[in-house]
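Examination of the molecular architecture
Spelled out from the first residue to the last, the chains are:
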Amino acid sequence: MAARVKKAFESVSLFMEEVHRWGCLKQRGVSLRHMMEFGSTPSPQNLLISAQFLHKELPIRIARRAIELDTLPYGLSHRPPVLKVRDWYLDSFHDLTSFPEINNMNDEKEFTEMIKAIKVKHKNVVPTMALGVQQLKIAYEDPDEIDQFLDRFYMSRIGISMLMRQHVELRNPNPRPNCVGFIHTQLSPVDMVRNASEDARAMCFREYGSAPDVHIYGDPDFTFPYVPAHLHLMVFELVKNSLRAVQERFMDSDKVTPPIRITIADGIEDVTIKISDEGGGMPRSVLPKIFTYLYSTTKKPLDEYSDLGTADNVTMAGYGYGLPISRLYARYFGGDLQVISMEGYGQ
């Protein structure tokens with residue numbers, strides 16, 4: 001019995017040594033332009049090169065996150081939700097490093113199926129980590145180290161997800177028009193903002209029974225290359241916050257509920273989307289907190305027994321994750337997200 005325990009311990013130690021070895025390797029960045037140029041002709045040769053790249057790159061990125069998950073301060077590493085996420089990353093690392101060399105299209109096909117399974121395995125990472133962080137809030141008011149870690153962790157997760165989804169989409173036999181993998185080469189921000197706003201208004205209707213109007217200003221013919229899912233997520237989150245603020249401010253008022261105004265500007269260097277509301281704004285003392293993961297304007301606790309994977313748990317108010325994660329999506333391809341508040345008026 002003692003010999004079996006010792007052998008198991010040695011096996012775990014060797015595995016973790018391998019994780020740390022991969023975690024010390026240098027990861028390679030991939031730009032939006034490179035993904036578009038490389039994926040514009042998804043030939044079998046390019047798919048093979050893409051799979052070979054991911055086979056070497058993904059274990060490095062996943063190993064780094066697993067190591068960090070194991071060394072968090074304030075005892076966060078030992079909380080069950082964080083241990084669960086760490087195990088998902090370690091399992092994925094094992095799957096990737098155990099996969100043999102990719103030499104032909106049959107290997108590439110099997111590898112693609114594996115990374116699809118990894119994506120499914122990781123789909124609940126954000127809400128599960130949110131549960132661990134919310135538990136931490138009970139004991140610690142403002143641990144800066146946790147926010148810094150979560151920024152790194154979620155930025156890396158965005159990158160890992162982008163690389164996997166891009167490769168999977170390049171294999172799509174019926175690609176969407178004007179798309180290179182997961183990237184839309186002629187994305188209309190007006191159309192995307194309209195879709196995201198309608199989704200947010202539908203949620204507001206479910207929560208309150210009504211929703212403020214959303215007015216969109218911009219050139220409907222203007223397009224630019226971007227990832228539709230990223231833009232939808234950011235706009236949806238921001239419009240959802242504005243709708244909730246306006247709805248709660250005017251729900252018991254005799255005044256006409258003012259609309260949310262969204263302006264889209266095409267500059268020489270930047271595409272700017274401004275979302276304005278009259279939801280009352282927030283005090284200047286609150287602004288430094290809105291991009292922290294431990295801050296939320298609501299008092300709802302995250303139910304550790306809820307099904308974290310269902311969309312039914314999404315409500316008008318989250319758990320301090322929407323804004324910081326939206327900012328990471330904006331920064332992933334070199335943009336940014338800024339909040340300017342006028343207390344007593346709105347954003």
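The text that follows walks through the structure, step by step, so that each part is easy to find.

A separate point is the overall build of the protein chain. Per the secondary structure count, the protein chain includes ten helices and six strands. In the protein chain, which comprises 347 residues, the proportion classed as buried is 45%. Taking contacts inside the protein chain between residues at least 6 apart in sequence as the whole, the part at least 24 apart equals 78%. When the accessible surface of the protein chain is totalled, it reaches about 18,500 Å², and 53% of it is carbon and sulfur.

In terms of nonpolar packing, the biggest core is built from 86 residues, with Phe111, Met129, Leu150, Phe153, Tyr154 and Tyr321 touching the most fellow members. Not counting the four nearest positions on each side in its chain, Tyr154 is found in contact with Val125, Val126, Met129, Ala130, Tyr293, Tyr321, Ile325 and Leu328.

What follows deals with the sheet that holds strand E6 (residues 271–276). A sheet is described by the order of its strands in space; here three strands give the open sequence E3-E5-E6, paired in mixed fashion. Of all strands in the sheet, those bounded by a partner on one side alone are strand E3 (214–217) and E6. The sheet shows a mean angle of 15° between the axes of neighbouring strands, taken without regard to direction. Note: E3 against strand E5 (residues 260–266), four bridges, orientation parallel.

As a further point, take the side chain of Asp107. As for its placement among the helices and strands, Asp107 is situated in helix H5 (residues 105–121). One buried charge, Asp107, has no salt-bridge partner; the nearest side chain with opposite charge is Arg171, at 11 Å. Not counting residues up to four positions away in its chain, the partners in contact with Asp107 are Phe99, Glu101 and Ile102.

Right, let's talk about the pairing of strand E2 (residues 183–187) for a bit. In terms of strand pairing, strand E1 (residues 179–180) meets E2 through two bridges, oriented antiparallel. Across the sheet, Cys179 pairs through a bridge with His184, a residue of E2. Where E1 folds back on E2, the antiparallel hairpin that results is connected by two residues, among which Gly181 adopts a positive phi of roughly 65°.

A few words now on unusual backbone geometry. One non-glycine residue, Tyr74, adopts positive backbone phi at about 60°. Its place among the elements puts Tyr74 in the loop between helix H3 (44–69) and helix H4 (80–98). The exposure class of Tyr74 is partly exposed, given its relative accessible area of 29%.

Cut-offs used in this document
Every chain's residues receive numbers from 1 upward, in the order its sequence appears when written. Two thresholds apply to this predicted model, a pLDDT of at least 70 for residue-level local features and 80 or more for giving and counting side-chain atom pairs, whereas whole-chain, interface and lining totals are computed over all residues. Each side-chain value is worked out from all heavy atoms of the structure, with water and hydrogens disregarded. Where helices and strands are cited, they refer to DSSP runs of H or I of at least four residues and of E of at least two residues respectively, numbered from the N terminus. Between buried and exposed lies partly exposed: a residue is buried under 20% and exposed over 50% of the maximum accessible area for its type, with that area taken using a 1.4 Å probe on protein chains only. Here a residue-residue contact requires only that any non-hydrogen atoms of the pair lie within 4.5 Å. Using the Shrake-Rupley algorithm and a 1.4 Å probe, accessible areas are obtained, with residue cover drawn only from the displayed protein chains. Each nonpolar core is a collection of buried residues, namely Ala, Val, Leu, Ile, Met, Phe, Trp, Tyr and Cys, held together in the definition by side-chain atoms within 4.5 Å. Here, strands pair whenever DSSP counts at least two bridges between them. Note on geometry: axes are C-alpha line fits, over the in-contact stretch for helices, and angles between N-to-C directions span 0 to 180 degrees. Only four residue types enter the charge count: Lys and Arg as positive, Asp and Glu as negative, with His and the chain ends excluded. The term salt bridge refers to a pairing of a side-chain nitrogen on Lys or Arg with a carboxyl oxygen on Asp or Glu at a separation within 4 Å.

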